[in-house]
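Below are the chains, spelled out letter by letter.
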Amino acid sequence: MAAKPVPLQVLYCPVCSLPAEYCEYGPDFEKCKPWLIKNAPELYPDLVKEAADKTAEQLEGMQVSSDAKPQGSTSESKVEEVKKLPGGKVKKKEKPQVVVEKIVRNKRKCVTIIKGLDMFGVKLSDASKKLGKKFASGASVVKGPTEKEQIDVQGDIMYDIVEFITETWNNIPESAIFFVEEGRKVPANA
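Per an unreviewed UniProt entry, the protein chain goes by Translation machinery-associated protein 22 and derives from Riccia fluitans. The heading Subcellular location (unreviewed entry) in the UniProt record of the protein chain holds the text "Cytoplasm". Listed in UniProt under the heading Sequence similarities (unreviewed entry), the comment for the protein chain reads: "Belongs to the DENR family."

Dropping the structure here:
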């Protein structure tokens, strides 16, 4: 008589809802780490070792802080969080920038696309109204191919827009504005 197959037990992470062995590829791996160290240490031995090292460093730091501190040293250390992507690549924090791109339709009509104003705290609906009034054309907020919102303005206003943006929103420097020409990014002040 053959034995009944036993169902496979899969451990799911409550943070990202992925199986525990796939958490590192999920969107919230940093948030998953404490749960993984506690509930699945055999899957991520490097995390367990890293956590043990951190606690040892914290204990050493507490011993140093109880003793006399040398002048000029602080007990707090700034740790910069860097997001690691699959394959070991590191994603750096992006600098806010405004990207202006011109697209030609039907060999004569142009649409100017402005991306990144929201990174400077500009409300896109207000910006599209101002752009439409200033350049006497249609301007609307649309979702781009990367699912981020952008402003589409009818017409070729590519080189007039830099002056308008820097005058209207004082917190956007000219050095943060780039043009996309023939698939490459060019600084506006170049």
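Having seen the model, we can carry on.
Let's talk about the overall build of the protein chain
In terms of helices and strands, the protein chain carries four helices and eight strands. Listing the helices and strands of the protein chain from first to last along the sequence gives α-α-β-β-β-β-α-β-β-α-β-β. Considering the protein chain as a whole, with its 190 residues, one finds that 27% of them fall into the buried category. Considering only intrachain contacts with a sequence separation of at least 6, the fraction spanning at least 24 residues in the protein chain is 36%. For the protein chain, the exposed area adds up to about 14500 Å²; of that, 52% sits on carbon and sulfur atoms.

Digging into a nonpolar patch on the surface
Together, Leu8, Val10 and Tyr12 give the surface a local cluster of nonpolar side chains, amounting to about 350 Å² of exposed area. Tracing the sequence through the fold places Tyr12 in the segment before α1 (29-39).

Examining the packing of helix α3 (residues 124-135) against helix α4 (residues 161-168)
Where α3 contacts α4, the two axes come as close as 12 Å, and the packing angle between them is 130°. It follows from the interaxial angle that α3 and α4 lie oblique. Here α3 and α4 pass one another in a crossing that is right-handed. In this structure, α3 contributes Lys130, Leu131, Lys134 and Phe135 to the contact, and α4 contributes Ile161, Phe164 and Thr168. Grouping the constituent residues of the contact of α3 with α4 by class yields four nonpolar, one polar and two charged.

Concerning the packing of aromatic side chains
In this description, a pair of aromatic rings is defined by centroid distance and the angle of the planes. Per the stated rule, a full pass over the model turns up three aromatic pairs. Consider the rings of Phe164 and Trp169, whose centres lie 6.0 Å apart with planes at 85°: the pair is edge-to-face. The burial state of Phe164 is the same as that of Trp169; both residues are buried. Taken together, the ring pairs connect Phe135, Phe164 and Trp169 into an aromatic cluster.

Describing the pairing of strand β5 (residues 139-143)
Across five bridges, the pairing between β5 and strand β6 (residues 149-154) is antiparallel. The residue bridging Ala139 from the neighbouring strand is Val153, located in β6. The antiparallel pairing of β5 with β6 creates a hairpin that spans five residues between the two strands, and Glu147 there sits at a positive phi of about 65°.

Overview of the state of the cysteines
Note: disulfide means a covalent bond formed between the sulfur atoms of two cysteine side chains. Following the criterion strictly, the structure yields zero disulfides and no others. Cysteine Cys16 remains unbridged, with the sulfur of Cys23 as its closest cysteine sulfur at 3.5 Å. With relative accessibility at 12%, the residue Cys16 sits in the buried group.

Focus: a negative patch on the surface
On the surface, Asp46, Glu50, Asp53 and Glu57 cluster together into a negatively charged patch. The residue Asp53 is located in helix α2 (residues 45-66) in this model. On the accessibility criterion, Asp53 (40% relative accessible area) is partly exposed.

Some points on the pattern of salt bridges
A full pass over the atoms with the stated rule returns three salt bridges. Here Glu101 makes a salt bridge to Lys115, at a shortest N to O gap of 3.4 Å. A residue pair is termed long-range when its members are at least 10 positions apart, and Glu101 in strand β3 (residues 98-105) and Lys115 in strand β4 (residues 109-115) qualify at 14 residues. When the shortest N-O distance is used, the salt bridge between Asp156 and Lys102 registers 3.5 Å. Here Lys102 lies in strand β3 and Asp156 lies in the loop between β6 and α4, a separation of 54 residues in the sequence. Overall, the relative accessible area of 43% leaves Asp156 in the partly exposed class.

Calculation rules
Numbering of residues begins from 1 in every chain and follows the order in which that chain's sequence is written. Whole-chain, interface and lining totals are the exception, using all residues; otherwise, since this is a predicted model, local features are given only for residues with pLDDT of at least 70 and side-chain atom pairs are given and counted only at 80 or more. Excluding hydrogens and water, the side-chain figures rest on all heavy atoms present in the structure. UniProt positions are given in the numbering used here, feature names are shortened, and annotations may be inferred rather than shown by experiment. The way it works is that DSSP assigns letters per residue, a run of H or I at least four long becomes a helix, a run of E at least two long becomes a strand, and they are numbered from the N terminus. Each residue is assigned to one of three classes by its accessible area relative to the maximum for its type, calculated with a 1.4 Å probe on protein chains only: buried under 20%, partly exposed between the two thresholds, exposed over 50%. Two residues qualify as a contact provided that any one of their heavy atoms is within 4.5 Å of a heavy atom in the partner residue. For the accessible areas, the method is Shrake-Rupley and the probe is 1.4 Å, while residue cover comes only from the protein chains on display. Patches here are clusters of residues that have more than 30% relative accessible area and form no salt bridge, with a 9 Å joining cutoff for like charges and a 5 Å cutoff for nonpolar side chains (Val, Leu, Ile, Met, Phe, Trp, Tyr). Each salt bridge in this description consists of a side-chain nitrogen of Lys or Arg and a carboxyl oxygen of Asp or Glu lying within 4 Å of one another. Axis definition: a line fitted to C-alpha atoms, over the contacting stretch in the case of helices. Angles run 0 to 180 degrees between N-to-C directions. Should an angle fall under 35 degrees it is taken as roughly parallel, and over 145 as roughly antiparallel, whereas 65 to 115 is taken as roughly perpendicular and any remaining angle as oblique. Two helices that cross are described as forming a left-handed crossing if the nearer one is turned anticlockwise from the farther one by less than a right angle, and a right-handed crossing if clockwise. Residue polarity is assigned by list, with Asp, Glu, Lys and Arg as charged and Ala, Val, Leu, Ile, Met, Phe, Trp, Tyr, Cys and Pro as nonpolar; anything else, Gly included, falls into the polar class. A pair of Phe, Tyr and Trp rings is counted when the ring centres sit within 6.5 Å of each other, with Trp represented by its six-membered ring. The angle between the planes then sorts it: under 30 degrees is stacked, over 60 is edge-to-face, the rest tilted. Whether two strands pair comes down to DSSP finding at least two bridges between them. Cysteine sulfur atoms are paired as a disulfide whenever they fall within 2.5 Å. Under the counting rule used here, the positive set is Lys and Arg, the negative set is Asp and Glu, and His together with the chain ends is not counted. One atom stands in for each charge, and that atom is NZ of Lys, CZ of Arg, CG of Asp or CD of Glu.

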